Amino acid sequence: MASIAMAASLRTFLRPHRCRLLLRQSRSLSASAAPAGAAAASTVIRRSVVEVLRERGLVEATTSESLGSASASPRELKAYCGFDPTAESLHLGNLLGLVVLSWFRRCGHNAVALVGGATGRVGDPSGKSAERPELDLAAVETNSNAIKSLIGQILDRAPEPSQHSQSGKNLNLEQNEQALVNSGEKMGSFQILDNYDWWKDISLLDFLKEVGRFARVGTMIAKESVKKRLMSEDGMSYTEFTYQLLQGYDFLYMFRNMGVNVQIGGSDQWGNITAGTELIRKILQVEGAHGLTFPLLLKSDGTKFGKTEDGAIWLSPKMLSPYKFYQYFFSVPDIDVIRFMKILTFMSLDEIQELEESMKKPGYVPNTIQRRLAEEVTRFVHGEEGLEEALKATEALRPGAQTQLDSQTIEGIADDVPSCFLPYGQVLKSPLVDLAVSTGLLASKSAVRRLIKQGGLYLNNIRIDSEDKLVEEGDVVDGKVLLLSAGKKNKMVVTSRFISLKASHVPASVDRAQMTTLVGPEISARFWWVWDCCQGYK
């Protein structure tokens, strides 16, 4: 242990001196080879990732002031953030962790995303008022695999430093990023790990022997997350109480075996993070393990950003479409949009400041900055294809838009907006006033007529001017769906899908009377002939 401590101390001592020596050599070479006009750029000192994060409002606390100086040297740090697989997707609250990991990479450091295949079976009590429901092993494995894939896709989209330049007061960062590109340095790497890979080989006795005897119960109880739960009516189980030691051991294991020396997390993770740094200091008897927390993603009123009446804002397109994700950011209030742009995008602070100033000028078009925020975040989470999908749907579904609607575009948002099914016979030749009421778009016929007079009712984005409008065959897009809109936001997707089903595909549980009710009396004789034949085989 003493040799390990001595070696670590020696490395800590030599690194800054080696960096200063290289910096002096670099300045000397640059001064002799570069023209006088380039002298300023050659003497730029690299800014630390902590300074960059703090400037953007992404630092709540750090365990040591030395983290700032250590983070100024590229490749010096290897930072990790944990994600427990409580669902098949991460949600918007997890996005800050991915953004901060990406900033470590952009500043030349390495990043690790740790999926809690082991800790997810216990459940993190931080910020929770009750114990999480237990997940079976199959669910944990399914969730873990899905999250690993999602994290890999998102972190791989972090833009290179040269893609977002800085100017003005951030000139040093711009020169630093340009120097990073010119010197052949690249972004730091990233890897995705699963803590089940090491926990599966650790017995309870091994854990108690290696970790338990170094943990002080008084210190564990003093953690804020533990105190709140102990004072609650339900209290805290021993399982949840041990979570901070499990997460602390993760840090210890990766510090010792993989060189991971920084843990990041939301402000509610402070107790878990310090549990890890304390274990490293006590067990390995070395310094150099750091923790950094960032603020939770909150709106200006103090409520969580990413929670809606319909539930969480998921990052996976399988659980929330890019269109719906984009729309959520497009509706951010003016009071929050600039702050979210600083913490959730990689845009330069000068460009963000210019956008903020433009909001105060006459002629500013509302939601211009929200649109930019939505584009940047959607591109990071869903990629260019996801952004194109969101933009296409947004434009196509805008009342009065000239974009030609197709059934695929309409069906693509059916899960994101109110929708209903009506038999084809009930839709065709139906007065639009009646259809708007029967679908639930508006409450009464008088409300529909009033909206028509105000020019606010649309069928497939075409404004309706007549109260006598009937739904024609050409109004049913591709013979499948139509879109009703009341103003800009209230929409209703109406489908008549059963008319296009083959009789052989109808479930045996559906009888002739039910089918007639669903499809309507206009169904063809050939359909019923096939229907009768199929019933003989069911």
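Keep in mind the model is a prediction, meaning the values are calculated, not measured. Each chain has its residues counted from 1, following the order in which its sequence is written. With pLDDT at 70 or above as the cut-off, local features in this predicted model cover only qualifying residues; side-chain atom pairs require 80 or more to be listed or tallied, and sums for whole chains, interfaces and linings still use all residues. Heavy atoms from the whole structure form the basis of all side-chain values; hydrogens and water molecules are not counted.

Trainee: Could you clarify how one ought to interpret the pairing of strand β2 (residues 78–83) in this entry?
Mentor: Looking down a regular strand, the side chains alternate between one sheet face and the other. Exposure is judged per residue with a 1.4 Å probe applied to protein chains only, and the accessible area is read against the type maximum: over 50% gives exposed, under 20% gives buried, and values in between give partly exposed. In this text, helices come from DSSP runs of H or I with a minimum length of four residues, and strands from runs of E with a minimum of two, each type numbered from the N-terminal end. β2 sits mainly inside the fold: five of its six residues count as buried. In the sheet, β2 pairs with strand β3 (residues 110–115) via six bridges, with the strands oriented parallel. Each residue of the ladder has a partner; that of Ala-79, found in β3, is Ala-111. For a crossover, the right-handed case is the one in which the path from the first strand over the helix to the second runs clockwise, viewed with the strands pointing away from the viewer. With respect to chirality, the unit in which β2 leads through helix α5 (residues 92–106) into the neighbouring parallel β3 is right-handed. Of the pairings in the sheet, the one linking β2 to strand β5 (residues 262–266) comprises three bridges and is parallel in character. Note: two strands are recorded as paired if DSSP finds a minimum of 2 bridges between them.

Trainee: So what exactly am I meant to see when it comes to a nonpolar patch on the surface here?
Mentor: Side chains of Leu-204, Leu-205, Leu-208 and Tyr-238 sit close together on the surface and give an oily, nonpolar patch of about 490 Å² of accessible area. In terms of residue count, the dominant contributor to the nonpolar patch is helix α9 (residues 204–210) (three residues). As for its placement among the helices and strands, Tyr-238 is situated in helix α12 (residues 238–241). Here Tyr-238 falls in the exposed class, since its relative accessible area comes to 59%. The patches reported here contain residues having more than 30% relative accessible area and no salt bridge. Joining distances are 9 Å for like charges and 5 Å for nonpolar side chains (Val, Leu, Ile, Met, Phe, Trp, Tyr). Using a 1.4 Å probe, the Shrake-Rupley method yields the accessible areas, and only the shown protein chains count as cover for residues. Each salt bridge in this description consists of a side-chain nitrogen of Lys or Arg and a carboxyl oxygen of Asp or Glu lying within 4 Å of one another.

Trainee: Sorry, what's going on with the environment of Phe-255 here?
Mentor: With respect to the helices and strands, Phe-255 occurs in helix α13 (residues 243–258). In sequence terms Phe-255 and Leu-284 are 29 residues apart; their C-alpha atoms lie 9.8 Å from each other.

Trainee: For this particular structure, what's the right way to read the environment of Val-226?
Mentor: Examined against the element boundaries, Val-226 turns out to sit in helix α11 (residues 224–231). For Val-226, a relative accessible area of 2% gives the class buried. Spatially, the C-alpha atoms of Val-226 and Gly-271 are 8.8 Å apart, while their sequence positions differ by 45 residues.

Trainee: Can you help me understand the packing of aromatic side chains in this one?
Mentor: Note on aromatic pairs: each is described by the distance of the centres and the angle between the planes. Two aromatic rings from Phe, Tyr or Trp, using only the six-membered ring of Trp, form a pair when their centres are within 6.5 Å; if the ring planes differ by under 30 degrees the pair is stacked, by over 60 it is edge-to-face, and anything between is tilted. If you walk through the whole model with that rule in mind, you get 13 aromatic pairs. Aromatic side chains Phe-305 and Phe-329 sit 5.6 Å apart centroid to centroid with 75° between the ring planes, which places their arrangement in the edge-to-face category. One end of the pair, Phe-305, is in the loop between β6 (290–294) and β7 (307–308); the other, Phe-329, is in helix α15 (residues 322–330), and 24 residues separate them in sequence. What links up through ring pairs into an aromatic cluster is the set Trp-198, Trp-199, Phe-207, Tyr-249 and Tyr-253. One cation-aromatic arrangement involves Arg-106 over Trp-103; the distance from NZ or CZ to the ring centre is 4.6 Å. Only Lys NZ and Arg CZ are tested; either one counts as a charge over a ring when it is within 6 Å of the ring centre and within 35 degrees of the ring normal.

Trainee: Hey, could you run me through the side chain of Thr-119 in this one?
Mentor: One can find Thr-119 in the loop between β3 and α6 (137–155). You can call Thr-119 buried: its relative accessible area is 3%. Pairs of N or O atoms within 3.5 Å make up the polar contacts considered here, provided that, within protein, one atom can donate a hydrogen while the other can accept it, and that residues adjacent in sequence are counted only when both atoms are side-chain atoms. A distance of 3.0 Å separates the side chain of Thr-119 from the side chain of Asn-195, its partner in a polar contact. We call two residues in contact whenever any of their non-hydrogen atoms come within 4.5 Å of each other. Residues within four places of Thr-119 in sequence aside, it is in contact with Asp-84, Asn-195, Tyr-243, Leu-246 and Asp-250.

Trainee: What exactly am I supposed to notice about the pairing of β6 here?
Mentor: Where burial is concerned, most of β6 is hidden: five out of the five residues are buried. Every second residue of β6 is oriented toward a common face, with His-290, Leu-292 and Phe-294 on one face and Gly-291 and Thr-293 on the other, all of them buried. Bridge count for strand β1 (residues 61–62) against β6 is two bridges, and the pairing is antiparallel. Looking at β6, one finds that Thr-62 is bridged to Leu-292. Sheet topology note: the β5/β6 ladder contains five bridges and is parallel. What sits directly across from Gly-266, in β6, is Phe-294. Taken together, β5, helix α14 (residues 270–284) and β6 form a β-α-β motif whose crossover is right-handed.

Trainee: How should the sheet that holds strand β12 (residues 481–486) be read in this particular structure?
Mentor: Neighbouring strands of a sheet are bound in pairs by backbone hydrogen bonds; such pairs are parallel or else antiparallel. An order of β9-β13-β12-β10-β11 is seen for the five strands of this open sheet, with the pairing classed as mixed. A strand with exactly one partner marks an edge of an open sheet, and here the two such strands are β9 (419–421) and β11 (462–463). Relative to β11, strand β10 (residues 457–459) runs antiparallel, the two sharing two bridges. Residue pairing across strands places Tyr-458 opposite Arg-463, the latter belonging to β11.

Trainee: What's the story with the sheet that holds β2 in this structure? I'm lost.
Mentor: Taken together, six strands build an open sheet; the order of strands is β1-β6-β5-β2-β3-β4 and the sheet is mixed. The open sheet is flanked by β1 and β4 (190–194), the only strands paired with a single partner. For every element, the axis is a line fit to its C-alpha atoms; helices are fit only across the contacting stretch, and the angle between N-to-C directions ranges from 0 to 180 degrees. Against the sheet, α5 touches β2, β3, β4, β5 and β6, its axis set at about 165° to β2. On the sheet, α6 packs against β2, β3 and β4 and is oriented at approximately 170° with respect to β4.

Trainee: I'm lost on the pattern of salt bridges in this one. Help?
Mentor: Where charged atoms from two side chains of opposite charge come close, those side chains can pair. In the structure shown here, the tally under the stated rule is 12 salt bridges. Between Lys-148 and Asp-194 there is a salt bridge, with its nearest N and O atoms 3.0 Å apart. One end of the pair, Lys-148, is in helix α6; the other, Asp-194, is in strand β4, and 46 residues separate them in sequence. Overall, the relative accessible area of 26% leaves Lys-148 in the partly exposed class. For the salt bridge of Asp-475 with Lys-469, the shortest nitrogen-to-oxygen distance reads 3.0 Å.

Trainee: Looking at this structure, I do not really get empty space enclosed by the protein. What am I missing?
Mentor: The rolling of a water-molecule-sized probe over the atoms marks out the regions of remaining empty space. Cavity means a closed set of points on a 1 Å grid over the protein atoms alone, one where a 1.4 Å probe fits but cannot get out, pocket means an open set with protein on both sides within 12 Å along at least 5 of 7 lines, and lining means a residue has an atom within 4 Å of a point. Grid points are joined across faces, edges and corners, and a volume is the space filled by probe spheres set on the points. Applying the stated rule across the entire model yields two cavities of 30 Å³ or more. Reported here for the largest cavity is a volume of approximately 90 Å³. Looking at the lining of the largest cavity, the elements with two or more residues in it are α10 (217–222), α13 and α14. With four residues, α14 is the single largest residue contributor to the lining of the largest cavity. We call Asp, Glu, Lys and Arg charged. Ala, Val, Leu, Ile, Met, Phe, Trp, Tyr, Cys and Pro are nonpolar, and the rest, Gly among them, are polar. Looking at the lining of the largest cavity, its residues break down into six nonpolar, two polar and four charged.

Trainee: Would you mind going over helix α16 (residues 334–344) with me for this structure?
Mentor: Every α-helix carries 3.6 residues per turn, so stepping three or four residues along brings you back to the same face. Asp-336, Val-337, Ile-338, Phe-340, Met-341, Ile-343 and Leu-344 are the residues of α16 that are buried. Those residues of α16 hidden inside the fold are in contact with α5, α15, α17 (349–358) and α18 (368–396).

Trainee: How should I be thinking about unusual backbone geometry in this particular structure?
Mentor: In terms of backbone geometry, most residues other than glycine have negative phi values and most peptide bonds are trans. Phi angles above zero are rare outside glycine, and Gln-285 is one such case at about 55°. Here Gln-285 lies in the loop between α14 and β6. Of the residues examined, Gln-285 reaches a relative accessible area of 54% and is grouped as exposed.

Trainee: Even after reading the chapter, I still don't get α5, so can you show me in this structure?
Mentor: In this analysis, the expected span of each helix is defined as 1.5 Å times one less than the number of residues it contains. Here α5 contains 15 residues, and its C-alpha end-to-end distance of 21 Å stays within 8% of the 21 Å for a straight helix at 1.5 Å per residue. Backbone geometry just downstream of α5 places Gly-108 in the positive-phi region, at approximately 95°.

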